[in-house]
Every structure is written in C-alpha cells, then in structure tokens.
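The lines below spell out each chain.
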Amino acid sequence: MSAGPPHPPEHRPRRPAHLVGEGALLDVAEAIAADWAAIGVRGSFLARDIDTGEQLGFDADVPLPLASVVKVPLALVVLDRIAAGDLDAGLGVTLDPATSSVGPTGLAAFRHPATVAVGDLLHMMLTVSDNAAADALFGLVPAAEADARLRSWGCGDLRVRHRMNRMYECAAGAAGRDFSLALELAVRDDRSGRHTIETLDPARANAGSAAALVELLQRVWRDEISRPSATAELRRLMGAQVFTHRLASELRADALRVSGKTGTFLHLRHEIGVVEADSGHRVAIAALTRSDRRAGQAPDIDLAIGTGARDAFEALRR
C-alpha cells in the first residue's frame with residue numbers, strides 16, 4: 001500500500017531541535033513534543049526535580065515572549081525591595097480606569113478609581129493575572145530597573161523590557177481593534193520570524209527561555225535568590241493562583257500542590273510553576289507554547305500542557 005504523498009512543508013510534524021533528558025526521561029520528553037506537534041503547537045518545555053537536578057524537556061534554551069509569565073520575575077523584584085525596606089507593602093497606589101491598563105480581570109476591569117496597597121497589587125497580579133495591578137507595580141519599579149536586578153542575580157536570560165499594556169498597544173498599532181487580524185499576524189509572523197507586532201519579537205519583548213524560568217523557580221523554592229521573606233511570599237502568592245486549567249489540569253490530587261502563573265496573548269499560551277507532593281518531591285516546570293492556528297480559545301492546548309506536566313512529574317518522581 002502506498003504511503004501517500006509527503007506532507008507539504010508547512011504541515012509536516014515538527015520535531016524539537018534539542019531534547020533534554022537521559023534514558024526513560026528522554027522518551028517522555030520526546031512523547032510530550034510529539035503530542036504538542038500533533039495539535040499544531042510549537043514551543044519549549046522543561047521539567048526539573050528541584051532537589052536532584054534530574055530533568056527532561058525540549059528546546060529549553062529558546063527565548064520566547066513571556067506574556068503574563070513576566071509577572072513572576074517582576075513580583076520577585078518588588079518583593080525584594082519590600083524585604084530590603086525600600087518599599088512599603090502598605091503603600092496605597094491609586095488606579096484610574098481612564099488611564100490604567102487593558103485586561104479582563106481584577107483592577108483592569110474596574111470602572112471607577114481605586115486605591116490599593118502594594119501588597120494587594122502583588123496579590124491581584126499573581127492570583128488573577130491583573131494587568132492594571134502589574135503596570136501599577138511597573139510604575140514603582142520600572143522595567144529597566146527590574147531587568148537590571150535580574151541580571152545582578154545572574155538571570156540574564158530573562159529580559160523585562162516593557163509594561164503589560166505595551167503588548168496591547170503594539171497589537172492595536174498593527175491590527176487596530178481587529179483581534180482576528182492580530183491573531184493572523186501573530187501566526188504568520190511566527191513562521192517567518194519577521195514580527196509585525198513588536199512585543200512578539202523575543203529580541204524586543206519581555207522574553208525568556210524555559211530553562212531560565214525553571215532555574216528561577218528552583219532558586220525561589222530553595223531560597224537561593226533575593227531574600228527568604230521575598231521568596232516565601234512569592235511561593236505563597238503563586239500557590240493562590242485562580243487559573244488552574246493548564247499546568248494543574250491533570251495534577252488534581254489531595255497529595256499534590258501546584259503553584260503557577262499563566263501567560264496568554266494572541267497565539268501564546270504558557271504556564272510556569274512548581275508541583276509539590278506530600279512525599280517531598282518538588283518539580284519545577286515551564287511550558288511555553290505557540291499555536292499554529294488562529295484561535296482565541298484552545299482547550300486542547302491547555303490540556304496538552306497539563307498532560308505534559310503530569311507525565312513529566314510522574315517520570316521524575318519514580
């Protein structure tokens with residue numbers, strides 16, 4: 001029987017350029033990559049046992065725009081300033097909807113001015129991914145300052161370059177109010193590598209790799225960065241995340257705790273986090289994805305992230 005004509009280049013299943021892992025872990029990494037490719041997803045993935053260093057994944061060193069995942073390093077820099085006594089967690093910041101940032105959740109959805117303490121802005125930014133709260137914090141700790149602090153900690157592969165609202169400004173500049181056109185441009189440009197929307201270009205966006213993000217999480221969970229009070233608060237806030245439809249979707253059990261942060265913008269769907277078991281196993285995971293199709297909603301991609309996280313966690317704790 002004939003095997004049929006070969007796939008056109010744009011429809012051939014993509015294989016990762018670089019796999020991470022040894023033995024059975026390498027097999028798991030390859031299976032996750034194949035599952036992503038089967039539904040038209042590209043990206044990078046890394047899961048690492050925080051205590052042993054064993055890991056598996058693919059294309060983990062490829063920089064990608066972070067979308068709301070950037071709120072995790074921003075939060076750590078803000079919390080470091082609070083821990084150092086340079087910023088008061090109780091300081092009130094007034095946000096006016098007429099000038100605050102775009103977003104569907106939290107203060108970004110408010111219709112009237114509100115004054116919120118810095119500590120509560122951190123809570124809103126991490127638990128419900130509030131863009132207005134994030135940009136209010138960027139007003140206190142500018143992107144350049146956050147970026148410099150990360151570099152001083154040895155996190156140079158994580159870049160903080162702009163406020164959250166810059167993503168929407170750039171998309172609107174390229175596509176007006178046409179969300180479908182913006183998605184089309186994002187998918188097209190991702191294939192060509194020439195970005196019409198500036199904040200989808202890893203060289204100009206808030207960007208980082210799966211490896212850099214997992215390294216950050218490992219250091220936060222081991223109290224090897226910033227100050228212990230700052231890292232403890234970041235762990236607490238990430239553990240209170242409301243959105244559990246990606247990383248935690250296949251890890252729901254009384255004996256497991258998942259602390260995470262999603263990131264979503266146009267064709268990007270990400271999540272980073274740490275899975276902890278009552279047995280003591282701790283695994284840091286970063287899943288950064290780009291879709292090959294124009295879709296505002298993609299539950300199959302969310303599930304693929306969750307399935308990959310489950311398979312990686314189970315493989316690493318054997």
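The structure this text deals with has already been given above.
A short tour of the structure in this document, coming up. (Residues numbered from 1 in each chain as written. Predicted model: local features only at pLDDT ≥ 70, side-chain atom pairs only at ≥ 80, totals over all residues. Heavy atoms only, no water.)

Things to note about the overall build of the chain
Argument step 1. Along its length, the chain carries 10 helices and 10 strands.
Argument step 2. Relative to the globule expectation of 20 Å for 318 residues, the C-alpha radius of gyration of the chain, 19 Å, shows essentially globular dimensions.
Argument step 3. Its C-alpha atoms give the chain principal-axis dimensions of about 70 × 50 × 35 Å.
Argument step 4. When burial is assessed residue by residue, the chain has 53% of its 318 residues classed as buried.
Argument step 5. The contacts of the chain with a sequence gap of at least 6 include a subset with a gap of at least 24, amounting to 68%.
Argument step 6. Looking at the chain as shown, the accessible area adds up to about 13900 Å², and 50% of this sits on carbon and sulfur atoms.
Argument step 7. Between the mean site of the 36 positive side-chain charges and the mean site of the 41 negative ones, the chain shows a separation of 4 Å. (Helix = DSSP H or I, 4+ residues; strand = E, 2+ residues; numbered from the N terminus. Rg over C-alpha atoms; globule rule 2.2 N^0.38 Å. Buried < 20%, exposed > 50% of the residue type's maximum accessible area, 1.4 Å probe, protein only. Contact = heavy atoms within 4.5 Å. Areas by Shrake-Rupley, 256 points an atom, 1.4 Å probe, with all protein chains shown as cover. Lys, Arg positive; Asp, Glu negative; His and termini not counted. Charge placed at Lys NZ, Arg CZ, Asp CG, Glu CD.)

A closer look at the environment of Ser209
Argument step 1. Inspection of the secondary structure assignment puts Ser209 in the loop between β7 (207-208) and α8 (210-221).
Argument step 2. The spatial distance from the C-alpha of Ser209 to the C-alpha of Ala295 is 24 Å, given a sequence separation of 86 residues.
Argument step 3. Those residues within four positions of Ser209 in sequence are excluded, and the remaining contacts are Ala60, Asp61, Val62, Pro63, Asp157 and Leu288.
Argument step 4. At 3.0 Å, the side chain of Ser209 forms a polar contact with the backbone nitrogen of Ala212. (Polar contact = N/O pair within 3.5 Å; in protein donor to acceptor, adjacent residues only side chain to side chain.)

Comments concerning the pairing of strand β10 (residues 282-291)
Argument step 1. Where burial is concerned, most of β10 is hidden: 10 out of the 10 residues are buried.
Argument step 2. Along β10, one buried face is formed by Arg282, Ala284, Ala286, Leu288 and Arg290 and the opposite face, lined by Val283, Ile285, Ala287, Thr289 and Ser291, is buried too.
Argument step 3. In terms of strand pairing, strand β2 (residues 41-49) meets β10 through 9 bridges, oriented antiparallel. Note that in β10 the partner of Gly43 across the bridge is Thr289.
Argument step 4. Joining the antiparallel neighbours strand β9 (residues 268-277) and β10 is a turn of 4 residues, in which Gly280 adopts a positive phi near 105 degrees. (Pairing = 2+ DSSP bridges.)

A look at the sheet that holds strand β1 (residues 19-20)
Adjacent strands of a sheet form backbone hydrogen bonds with each other and so pair up, either parallel or antiparallel.
Argument step 1. The strand order across the open sheet built from 6 strands is β1-β3-β2-β10-β9-β8, with neighbouring strands paired in antiparallel fashion. In this open sheet, the two edge strands, each paired with only one partner strand, are β1 and β8 (256-265).
Argument step 2. For β8 and β9, the ladder comprises 10 bridges, and the chain directions are antiparallel. When the sheet's bridge partners are listed, Thr264 is paired in β9 with Arg269.

Here we look at the pattern of salt bridges
Argument step 1. Using the criterion set out here, one finds 25 salt bridges in the structure.
Argument step 2. Note that Arg166 and Glu169 form a salt bridge whose closest N and O atoms lie 3.9 Å from each other. On the criterion of helical spacing, the pair formed by Arg166 and Glu169 is a turn pair, its members being 3 residues apart in helix α6 (residues 165-175).
Argument step 3. A salt bridge links Glu314 to Arg317, with the nearest nitrogen and oxygen atoms 3.3 Å apart.
Argument step 4. On the basis of relative accessible area, Glu314 is assigned to the partly exposed category, the value being 29%.
Argument step 5. Here the residues in one salt-bridge network are Arg166, Glu169, Glu198, Asp201 and Arg204, joined through shared partners. (Salt bridge = Lys/Arg side-chain N within 4 Å of Asp/Glu carboxyl O.)

A closer look at unusual backbone geometry
Argument step 1. A positive phi angle, near 55 degrees, is found at Ser129, a position not held by glycine.
Argument step 2. Of the residues examined, Ser129 reaches a relative accessible area of 12% and is grouped as buried.
Argument step 3. One non-glycine residue, Leu266, adopts positive backbone phi at about 50 degrees.
Argument step 4. Relative to the assigned elements, Leu266 resides in the loop between β8 and β9.
Argument step 5. When its relative accessible area of 8% is taken as the criterion, Leu266 is described as buried.

Some words on the packing of helix α2 (residues 71-83) against helix α3 (residues 118-127)
Argument step 1. Relative to each other, α2 and α3 sit at 165 degrees, their axes nearing to 11 Å. Relative to α3, the element α2 lies roughly antiparallel. α3 is crossed by α2, and the crossing has left-handed handedness. For the pair α2 and α3, the contacting residues are Lys71, Val72, Leu74, Ala75, Val78, Leu79 and Ile82 in the first and Val118, Leu122, Met125 and Leu126 in the second.
Argument step 2. Per-class residue counts for the contact of α2 with α3 are 10 nonpolar, no polar and 1 charged. (Axes fitted to C-alpha atoms, helices over the stretch in contact; angles between N-to-C directions. Parallel < 35°, antiparallel > 145°, perpendicular 65-115°, else oblique. Left-handed = near helix turned anticlockwise from the far one by under 90°. Nonpolar A, V, L, I, M, F, W, Y, C, P; charged D, E, K, R; others polar.)

Here's the deal with the nonpolar core
Argument step 1. Formed by 75 residues in total, the largest nonpolar core has its most connected members in Leu121, Met125 and Leu234.
Argument step 2. Contacts of Leu121, omitting those with residues within four sequence positions, involve Val93, Leu95, Leu107, Val116, Ala133, Ala136 and Leu137.
Argument step 3. In terms of nonpolar packing, the next biggest core, distinct from the first, is built from 28 residues, Phe45, Leu256, Val275 and Ala304 among them. (Core = buried A, V, L, I, M, F, W, Y, C linked by side-chain atoms within 4.5 Å.)

Notes on the packing of α8 against helix α9 (residues 228-239)
Argument step 1. Put simply, α8 and α9 touch, their axes get as near as 9 Å, and they point 115 degrees apart. It follows from the interaxial angle that α8 and α9 lie roughly perpendicular. Judged by residue contacts, Leu217, Val220 and Trp221 of α8 engage Thr231, Leu234, Arg235 and Met238 from α9.
Argument step 2. The residue makeup of the contact of α8 with α9, split by class, is 5 nonpolar, 1 polar and 1 charged.

By themselves, these are just geometric observations and shouldn't be taken as functional.
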